[in-house]
Amino acid sequence: MADPRIHPQTLCVHAGTSGEESGALVPPIYQTSSFRFESTAHGAALFAGEQDGYIYTRMGNPTVAAMENAVAALEQGHKSLGCASGMAAINTVFSGLLSASDHVVCSRVVYGPTATLLSRIYKKYGVTTSFVNTADSKEVIHALTPKTRMVFLESPGNPTIDLADIKEITQAAHAGGAVVVVDNTFLSPYFQKPLLLGADIVVHSLTKFLNGHADVIGGIIVVKDEDRYQVLRKVLNQTGGVIDPFNSFLVHRGIKTLSVRMEQHARNATAVARFLENHPGVTWVRYPGLKSHPQYDLGQTQHSGPGGVMAFELKGGYRAGEALLNRVTLCNLAVSLGGVETLIQHPASMTHASLGREERKAAGVTDGLVRLSVGIENCDDIIADLLQALEQV
Ligand SMILES: *Cc1c(COP(=O)(O)O)cnc(C)c1O
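Residues numbered from 1 in each chain as written. Predicted model: local features only at pLDDT ≥ 70, side-chain atom pairs only at ≥ 80, totals over all residues. Heavy atoms only, no water.

1. Some remarks on the packing of aromatic side chains
Here is step 1: One pass over the structure, following the stated rule, counts 6 aromatic pairs.
Here is step 2: On the numbers, 5.6 Å between centres and 70° between planes, the contact of F94 with F152 is edge-to-face. With a gap of 58 residues between them, F94 in helix α4 (residues 86–97) and F152 in strand β4 (residues 148–154) connect regions that are remote in the sequence.
Here is step 3: By relative accessible area, F94 is classed as buried at 0%.
Here is step 4: Residue class for F152 comes out buried when judged on its relative accessible area of 1%.
Here is step 5: Ring centres of Y122 and Y125 lie 6.0 Å apart, and the angle between their planes is 80°; on these two criteria the pair is classed as edge-to-face.
Here is step 6: Residue classification places Y122 among the buried residues on the basis of a relative accessible area of 7%. (Phe/Tyr/Trp six-rings, centres within 6.5 Å; stacked < 30°, edge-to-face > 60°. Helix = DSSP H or I, 4+ residues; strand = E, 2+ residues; numbered from the N terminus. Buried < 20%, exposed > 50% of the residue type's maximum accessible area, 1.4 Å probe, protein only.)

Structural data, given as structure tokens:
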């Protein structure tokens, strides 16, 4: 575990630097499938786990390991496992820890494919899931049964930016013997460390803030203890959803600027949220940095910054959402979040368009809901773009 006295900005720059034999300052890209054995005895010792070393990149690679060490240090975890995507990370945790007849309690507002994985794929294998409002800890506690093996939280949640009380929910889940998994993608370890709040496992889409440059798909699992690391490592090695060395290199490079990016994301997003809150065309803004967020006080106790993602509701509903998105010029119409550029998304006409109106409503997606991932541009330019577009709505 990383020395807790080291400041997070320093960790971002230095965490995970490899003990590279060549003296390379930056861990090189080991673009290789296999690693040579010195002898049959050496190969046998590596396979038996009697000696440390690399065999085959699906089972481990030094470039991947350097990035994994960096994220584990930032989360104050024990070890981590780099995965091909955020969904590969989540799927590895589910397939490693869930068995037939287990029960899961999951946030009702959760990244869409996470919900689908549980309600369609794992359901086939006999896992049942209760989707509850995790903004209300009592609802979570009420949903726990003797068969509950896992509680899966996303805080802030997607796309409604609801928070879950990680500490309170974890205490209740642990009392019943369930593990708590937190998807920490929205805030990154720079602003929130769920393991320090009691959670057992953290997952990330590295695609978002950790890489930060919208040019990689990746994911990671961070664990607190060696036993669970070994269980999940074997599942990942066998199912094969690993990240590759080049993407690991890019993510590790992105992490070095995580602190400056997160600070600028939060500064910009706070200014944009205040602007939107005062605009007559906007009904409400949901952002953890605004005092008007119903869980503002909870946020102050469990994260050190509000991140860069918000949701807001337009007075003009569906039409206004479409109109706004077709009139912005600086903000990019694209899914994903956490990159240096500002992205705007209208779930009702984009990501959630295939759902019926009622199904959308159940997921917290109203017709005028817009999600904004505020980038690190000058915030005056972002606000000017939104202002001119809102005037035409
Ligand atoms: C994007 C995202 C994921 C999935 O990550 P991928 O890298 O796209 O597979 C999971 N959870 C949250 C909160 C996300 O935003």
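2. Quick look at the nonpolar core
Here is step 1: Counting residues in hydrophobic clusters, the biggest one holds 61 residues, and the most contacted among them are L276, M310 and L324.
Here is step 2: Ranked by the residues each element gives to this core, the list is headed by helix α11 (residues 258–277), at 8 residues.
Here is step 3: If you count residues domain by domain, this core takes at least three from each of domain 1 (8–255) and domain 2 (258–392).
Here is step 4: Once residues within four sequence positions are removed from consideration, L276 is found in contact with V282, V285, M310, F312, L372 and L390.
Here is step 5: The next biggest cluster of nonpolar side chains, apart from the first, holds 28 residues, and it includes V93, L98, L118 and I201. (Core = buried A, V, L, I, M, F, W, Y, C linked by side-chain atoms within 4.5 Å. Domains from an automatic or database assignment. Contact = heavy atoms within 4.5 Å.)

3. Quick notes on the sheet that holds strand β11 (residues 343–345)
Here is step 1: If you walk across this open sheet you meet the 5 strands as β8-β9-β12-β11-β10, and the pairing is mixed. Only two strands of the sheet have a single neighbouring strand rather than two, namely β8 (282–286) and β10 (332–333).
Here is step 2: Taken together, the 2 bridges between β10 and β11 define a ladder with parallel strand orientation. Pairing of L333 across the sheet is with I344, part of β11.
Here is step 3: Across the sheet, α11 is in contact with β8, β9 (309–314) and β12 (369–373); its angle to β9 comes to roughly 10°. (Pairing = 2+ DSSP bridges. Axes fitted to C-alpha atoms, helices over the stretch in contact; angles between N-to-C directions.)

4. Looking at the site of the ligand
Here is step 1: Around the ligand, the surrounding shell holds 13 residues, and the nearest of these are G86, D183, S205, T207 and K208.
Here is step 2: Measuring from an oxygen atom of the ligand, one finds a backbone N or O atom of M87 at 2.9 Å.
Here is step 3: In this structure, S205 approaches the ligand through a side-chain N or O atom, which is 2.8 Å from an oxygen atom.
Here is step 4: Look at the ligand: alone it shows 380 Å² of surface, and the protein chains cover 93% of it.
Here is step 5: Counted by class, the shell around the ligand contains 4 nonpolar, 6 polar and 3 charged residues. (Near = heavy atom within 4 Å. Polar contact = N/O pair within 3.5 Å; in protein donor to acceptor, adjacent residues only side chain to side chain. Areas by Shrake-Rupley, 256 points an atom, 1.4 Å probe, with all protein chains shown as cover. Nonpolar A, V, L, I, M, F, W, Y, C, P; charged D, E, K, R; others polar.)

5. Side note on a nonpolar patch on the surface
Here is step 1: There is a patch of nonpolar side chains on the surface, built from F37, F47, Y56 and M59 and spanning about 380 Å² of accessible area.
Here is step 2: Structurally, the position occupied by M59 is in the loop between α2 (40–47) and α3 (62–74). (Patch = residues over 30% accessible without salt bridge, like charges linked within 9 Å, V, L, I, M, F, W, Y side chains within 5 Å. Salt bridge = Lys/Arg side-chain N within 4 Å of Asp/Glu carboxyl O.)

6. Details of helix α13 (residues 317–327)
Note that an α-helix has 3.6 residues per turn; residues three or four places apart therefore point the same way.
Here is step 1: Listed as buried for α13 are G317, A320, G321, A323, L324 and L325.
Here is step 2: Packing partners of the buried residues in α13 comprise β9, β10, β11, β12 and α15 (379–391).

7. Points about the sheet that holds strand β5 (residues 179–183)
Here is step 1: Spatially, β1-β7-β6-β5-β4-β2-β3 is the arrangement adopted by the 7 strands of the open sheet, whose pairing is mixed. A strand with exactly one partner marks an edge of an open sheet, and here the two such strands are β1 (79–83) and β3 (128–132). Going across the sheet, the axis of each strand differs from the next one's by a mean of 20°, ignoring polarity.

8. Regarding the domain arrangement of the protein chain
Here is step 1: One can read the domain layout of the protein chain as domain 1 (8–255) and domain 2 (258–392).
Here is step 2: Relative placement of domain 1 and domain 2: their C-alpha centres are 27 Å apart.
Here is step 3: With 35 residues of domain 1 in contact, the opposing surface of domain 2 contributes 36 residues.
Here is step 4: For the pair domain 1 and domain 2, the summed buried surface comes to about 2,800 Å²; carbon and sulfur atoms form 62% of the total.
Here is step 5: When residues of domain 1 are sorted by the area they lose upon contact with domain 2, L163, F191 and F209 head the list and together hold 28% of the total.
Here is step 6: In this structure, the connection of domain 1 to domain 2 is made through 1 salt bridge.
Here is step 7: Connecting domain 1 to domain 2 are 16 residue pairs in polar contact (both at pLDDT 80 or more).
Here is step 8: Looking at the side of domain 1 that touches domain 2, the elements that each hand over two or more residues are α1 (8–14), α7 (166–175), α8 (188–191) and α10 (245–255).
Here is step 9: Examining the composition of the side of domain 1 that touches domain 2, we find that 3 residues originate from one element, α8, more than from any other. (Buried area = accessible area lost by both parts, 1.4 Å probe.)

9. Section: empty space enclosed by the protein
Here is step 1: Tallied over the full model, the rule gives 1 cavity of 30 Å³ or more.
Here is step 2: Of the pockets and cavities examined, the largest cavity occupies roughly 30 Å³.
Here is step 3: Residue lining of the largest cavity: P156, I161, F186, L187, P288, P306, G307, G308 and V309, and that is the complete set.
Here is step 4: Tallied by class, the residues present in the lining of the largest cavity amount to 7 nonpolar, 2 polar and no charged. (1 Å grid on protein atoms, 1.4 Å probe; cavity = no way out; pocket = protein on both sides within 12 Å on 5 of 7 lines; lining within 4 Å. Points joined across faces, edges and corners; volume = space filled by probe spheres on them.)

10. Thoughts on the packing of α11 against α15
Here is step 1: As a packed pair, α11 and α15 sit with axes 9 Å apart at the nearest point and diverge in direction by 25°. As summarised for this structure, α11 and α15 are arranged roughly parallel, according to the angle between their axes. Judged by the sense of rotation from one axis to the other, the crossing of α11 with α15 is right-handed. Together, N268, A271, V272, F275 and L276 of α11 and C379, I382, I383, L386, L387 and L390 of α15 make up the contact between the two elements.
Here is step 2: Looking at the contact of α11 with α15 residue by residue, the classes come out as 10 nonpolar, 1 polar and no charged. (Parallel < 35°, antiparallel > 145°, perpendicular 65-115°, else oblique. Left-handed = near helix turned anticlockwise from the far one by under 90°.)

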